[in-house]
Amino acid sequence: MALQGALLGVIILLSDVCKTYGSGVIQSFSKTLFYLKSTCPVTLTRFTLLGVNCDVTVQRGSTGLMTRVEILVNKVTTVLQDGRVTVEGNSISLPFEHTYQHVYQYGVYIKLRSKVLPFSITWRNHSEGVSSLWMQLDNPLVDGMTGMCGLKNSGTVLNDRAEGYHCVTVKDCPCVYGGKTYPPGAQRNSKCQSCVCVQGKWTCSANVCPPTCNIEGQFVTTFDGKQYSVPGKCTYVAARGFKWKVAVKFSDTDASIAEMYLEVYQEKYTFSSHSVKLGQDEITDLSQTEIFAEEKCSLLRNTSSVFARCHDYVPVSMFFDACVHRTCQCTSGLKDCLCVALSNYVKACASQGINIGDWRAETDCNIVCNGNLRFSYNMQACNQTCRSLTGRDPTCEVQVDPVEGCGCMPGTHLNTPQECSPSTLCMCHYQGGSTRPGPVTIDGRECICRGGQWYCEGEPCPGVCEVFGNGQYNTFDSMWYRFDGNCQYTLVEDATGDGHRQFAVRVESVPCCDEALTCSRAISVDLQDVVTLILRDMNVTQTLKAGWQLQAQPLYSIHTVGLHIIISVPDLGLTVIWDKNTRVKIKLQARWKGKVRGLCGNFDGKVMNDLLTSSSSVVFSTLEFGNSWKTAVPPCSDVTQEVFPCERHSYCEAWAQRRCMILQSDTFRDCHLKVLIQHVV
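All of these numbers come straight from a predicted model, not from anything done at the bench. (Residues numbered from 1 in each chain as written. Predicted model: local features only at pLDDT ≥ 70, side-chain atom pairs only at ≥ 80, totals over all residues. Heavy atoms only, no water.)

### What to know about the overall build of the protein
And then number 1: A count of helical and extended segments in the protein gives 7 helices and 53 strands.
And then number 2: Put simply, 43% of the contacts in the protein that link residues at least 6 apart link residues at least 24 apart. (Helix = DSSP H or I, 4+ residues; strand = E, 2+ residues; numbered from the N terminus. Contact = heavy atoms within 4.5 Å.)

### Section: the sheet that holds strand β23 (residues 214-216)
And then number 1: The 3 strands lie next to each other as β23-β24-β25, forming an open sheet whose pairing is antiparallel. Either end of the sheet is taken by a strand with one partner, and the two such strands are β23 and β25 (227-229). Going across the sheet, the axis of each strand differs from the next one's by a mean of 20 degrees, ignoring polarity.
And then number 2: Strand direction decides the pairing type here: β23 and strand β24 (residues 219-221), joined by 3 bridges, are antiparallel. (Pairing = 2+ DSSP bridges. Axes fitted to C-alpha atoms, helices over the stretch in contact; angles between N-to-C directions.)

### Examining the state of the cysteines
And then number 1: A full pass over the atoms with the stated rule returns 11 disulfides.
And then number 2: Each sulfur in the disulfide pair C310 and C349 lies 2.1 Å from the other. Looking down the S-S bond of the C310 and C349 bridge, the torsion is -110 degrees, so its handedness is left-handed. In this pair, C310 is assigned in the loop between β31 (281-285) and α1 (317-329) and C349 in helix α2 (residues 334-351), connecting sequence segments 39 residues apart. Exposure class is identical for C310 and C349. Each is buried.
And then number 3: Residue pairing for C465: its cysteine sulfur links by disulfide to C600, the two sulfurs lying 1.9 Å apart. (Disulfide = S-S within 2.5 Å. Buried < 20%, exposed > 50% of the residue type's maximum accessible area, 1.4 Å probe, protein only.)

### Notes on the pairing of strand β26 (residues 235-241)
Two faces belong to every sheet, and in a regular strand the side chains alternate between them.
And then number 1: Two elements, β26 and strand β27 (residues 244-250), share 6 bridges in a ladder whose sense is antiparallel. When the sheet's bridge partners are listed, G241 is paired in β27 with W244.
And then number 2: Between β26 and β27, which pair antiparallel one after the other, the connecting turn spans 2 residues, and K243 there sits at a positive phi close to 70 degrees.

### Considering the sheet that holds strand β21 (residues 194-198)
And then number 1: Spatial ordering of the open sheet is given by β20-β21-β22, a layout of 3 strands whose pairing is antiparallel. The open sheet has two edge strands, β20 (187-189) and β22 (201-204), and neither has a second partner. Taking the axes of each pair of neighbouring strands and ignoring which way they run, one obtains an average angle of 25 degrees across the sheet.
And then number 2: Relative to β22, β21 is paired through 4 bridges, and the arrangement is antiparallel. Within β22, the residue paired with V196 across the bridge is T203.

### Focus on the packing of aromatic side chains
And then number 1: In total, this model carries 16 aromatic pairs according to the counting rule given.
And then number 2: Consider the rings of Y236 and F250, whose centres lie 5.9 Å apart with planes at 80 degrees: the pair is edge-to-face. With a gap of 14 residues between them, Y236 in strand β26 and F250 in strand β27 connect regions that are remote in the sequence.
And then number 3: Take Y236: its relative accessible area is 25%, and that puts it in the partly exposed class.
And then number 4: The exposure class assigned to F250 is buried, which follows from its relative accessible area of 1%.
And then number 5: Judged by centre distance (6.2 Å) and plane angle (70 degrees), the rings of F307 and Y345 are edge-to-face. (Phe/Tyr/Trp six-rings, centres within 6.5 Å; stacked < 30°, edge-to-face > 60°.)

### Let's talk about α2
And then number 1: The first and last C-alpha atoms of α2 sit 26 Å apart over 18 residues, in line with the 26 Å expected at 1.5 Å per residue.
And then number 2: Of all 18 residues in α2, 14 are buried, a share of seventy percent or more.
And then number 3: Looking one or two residues beyond α2, the residue adopting positive phi is G353, at roughly 85 degrees. (Expected span 1.5 Å × (residues − 1).)

### Let's talk about the pairing of strand β34 (residues 412-416)
And then number 1: Note that β34 and strand β35 (residues 419-422) share 4 bridges and pair antiparallel. Bridging across to β35, T416 finds its partner in E419.
And then number 2: In sequence, β34 turns back onto β35 through a hairpin of 2 residues.

### Things to note about unusual backbone geometry
And then number 1: Each neighbour pair has its own omega, and for L94 with P95 the value is -5 degrees, a cis peptide bond.
And then number 2: Its location among the elements puts P95 in the loop between β10 (90-91) and β11 (96-97).
And then number 3: Non-glycine residue S616 carries a positive phi angle of around 65 degrees.
And then number 4: Here S616 lies in the loop between β53 (596-597) and α5 (622-628).
And then number 5: Under the relative-accessibility criterion, S616 is labelled partly exposed at 30%.

### Notes on the pattern of salt bridges
And then number 1: If you walk through the whole model with that rule in mind, you get 12 salt bridges.
And then number 2: The shortest N-O distance in the salt bridge between R583 and E466 comes to 2.8 Å. A residue pair is termed long-range when its members are at least 10 positions apart, and R583 in the loop between β51 (574-578) and β52 (584-588) and E466 in strand β41 (residues 463-468) qualify at 117 residues.
And then number 3: Residue classification places E466 among the buried residues on the basis of a relative accessible area of 14%. (Salt bridge = Lys/Arg side-chain N within 4 Å of Asp/Glu carboxyl O.)

### Re the nonpolar core
And then number 1: By size, the foremost hydrophobic cluster in this structure holds 43 residues, and its most contacted members are L491, L527, I586 and L588.
And then number 2: Among the elements of the structure, β41, β44 (488-494), β45 (503-511), β46 (518-527), β47 (531-536), β50 (564-569), β51 and β52 are those that each provide at least two residues to this core.
And then number 3: Apart from the residues lying within four places of it in its own chain, the contact partners of L491 are V467, Y473, V505, R506, V507, V584, I586, R597, G598, L599 and C600.
And then number 4: Counting 37 residues, the second largest nonpolar core, distinct from the first, contains C18, V42, M66 and V76. (Core = buried A, V, L, I, M, F, W, Y, C linked by side-chain atoms within 4.5 Å.)

### Things to note about the confidence of the model for the protein
Close inspection of predicted coordinates is inappropriate for parts of the model with low pLDDT.
And then number 1: On average, residues of the protein score 81 in pLDDT, and 84% of them are at 70 or above.
And then number 2: Every residue in residues 1-15 scores below 50 in pLDDT, and together they form 45 contacts with partners more than four places removed in sequence or on other chains.
And then number 3: In the predicted structure, residues 284-293 sits below a pLDDT of 50 and forms 34 contacts with residues beyond four places in sequence or in another chain. (pLDDT = per-residue confidence, 0-100.)

### Section: the environment of P184
And then number 1: Here P184 is to be found in the loop between β19 (180-182) and β20.
And then number 2: The partly exposed category is assigned to P184, whose relative accessible area is 37%.
And then number 3: Between the alpha carbons of P184 and C197 there is a distance of 5.2 Å; along the sequence they are 13 residues apart.
And then number 4: Excluding residues within four positions of it along the chain, P184 makes contact with K171, D172, C173, P174 and C197.

### Quick notes on the environment of I92
And then number 1: By the secondary structure assignment, I92 is in the loop between β10 and β11.
And then number 2: By relative accessible area, which is 17% here, I92 ends up buried.
And then number 3: As for I92 and V103, which are separated by 11 residues in sequence, their C-alpha atoms are 9.3 Å apart.
And then number 4: Setting aside residues up to four positions removed in sequence, I92 forms contacts with V85, V87 and V103.

### A short note on the environment of V531
And then number 1: Residue placement: V531 occurs in strand β47.
And then number 2: A residue is classified by how much of its surface remains accessible, and V531, at 1% relative accessible area, is buried.
And then number 3: In this structure the C-alpha to C-alpha distance between V531 and Y556, which are 25 residues apart in sequence, comes to 9.9 Å.
And then number 4: Discounting residues that sit within four places of it in the chain, V531 has contacts with V525, D526, Q542, T543, L544, K545, L555 and Y556.

Given below as structure tokens:
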């Protein structure tokens, strides 16, 4: 039975017994204190000594008191329940003598002393149950003991992912994914990634499949694979990222998409069934083939057609229905609707590794490319454009399914929307514009554009992560997301894996009187396990670890600049900037690329894997991601639902929108080219 609402904390005590008291406090033999709040049966100890079995289990009620205690020794069961003590199902009076045990009054307590094992159990009754219980060890016990009490001096850890909460060695810790528990060594394999459970954490290979979102008519399949439908005759934002946005506009007459909009930096592309526009300039015409009859949808189900080779891998019925529906809804361009519907099935087959072949020739859906572009069923995105030569091309780092379309011949790159050029003629791109080959000054650095690539002098820019307001995060790799919990979380820490922590920055929201609002943040900065800096209540305090000695070269420096406190750690390439309220900014030198983890992501230049949990598993839910980075102390609950201020106080939303509109005015016009306004409004 799964434990409900389990809360764990760790405190070191000095004791030789295993105790449980209060609403869920359990002190193990290894002198560790756990807090476990649960109404399920919990095994305190289970072992075998000299052929005698022993099993002690407790169960608490909603008040936290133990409503049932079961003690099994040498196949004799003693139960404490409803204020009574029963042995082998028979109620007893005290004192009670038995061949294997002696039960008697012990002051205000009751004590059971085993005659066949070297231990005793003492408890105190309350009107509604047992309020405290402890087990005394008279001699060292054998290996193999399990349960919450653990084995004395065993060096084990609590397995809080299994029924009964036993103590196990680290190598025997299971892993959890998607609400399911996996044993050590278990594997999770998918088309895109394989993971192995090692010491309670997932060790995963690189994810080679990019997530996709499909919009087929009014039916939407999200990046997470969820499906839903939307009303037509509206314009919707399909996806939005850092400095880019994709939107779709549905037709006023049918369920088709009339236009798609792509905004990248300051450029806006408009796609329709017949053209593509950059701003107001039309750059291509995509309608070049003859009308394709409605009955051609039946080719999808024809067992003799080119599509038949995929029938065993992708069910065709849903695509056939969508093809007929799209065709019936079309008022013009019937051929285009049919060809698009057929291509959707081809793409689904390609995602399963099935190559349909030259289906366009068989269905009369041929495409004529503009300019010197050519058509291919296996068009590759990697380094196909001049823009991709300017910087890292993320499409080169993942294995993608075949894509059909118009592209450039080998040895050339797309330089303009309709022209492929040799790399020597490629322009170079930067944030806010592009330039032809030759020397240029960008952000104070002298650079040369050559072959579509930049050759610059000077140091590379540092990575920046920041958190502000009620849980607004921008990672080192420029991924924006929202997460607002009331615990302490790891914002960033080094992940070098050498066993010696270089630094760790943790944050905690400090709520106002209204718990839905964050008034300030408390920041903890741990440096090389020798000093901890606490930034709270507009001040900085320092705590030195035992044995640390003053160094000739200071490890860090603290400065107050205007409204901000700046902590600089030059040797580590780390800078922490705090506005004494809710905004925290972390700067890391480029040498930390791919060597950090936490709520700020892993700083590897890839947005797709920024939601990497503390157990090394990439997830899509920001709640699951954020909860995984809770620190162990103090214990607190997971965030299960986020309610942001304007959602909780809807009457404030209109007021907030009016006050924030100034960000879109000319007052901040110079900043609009560098920071997307939608992330801060």
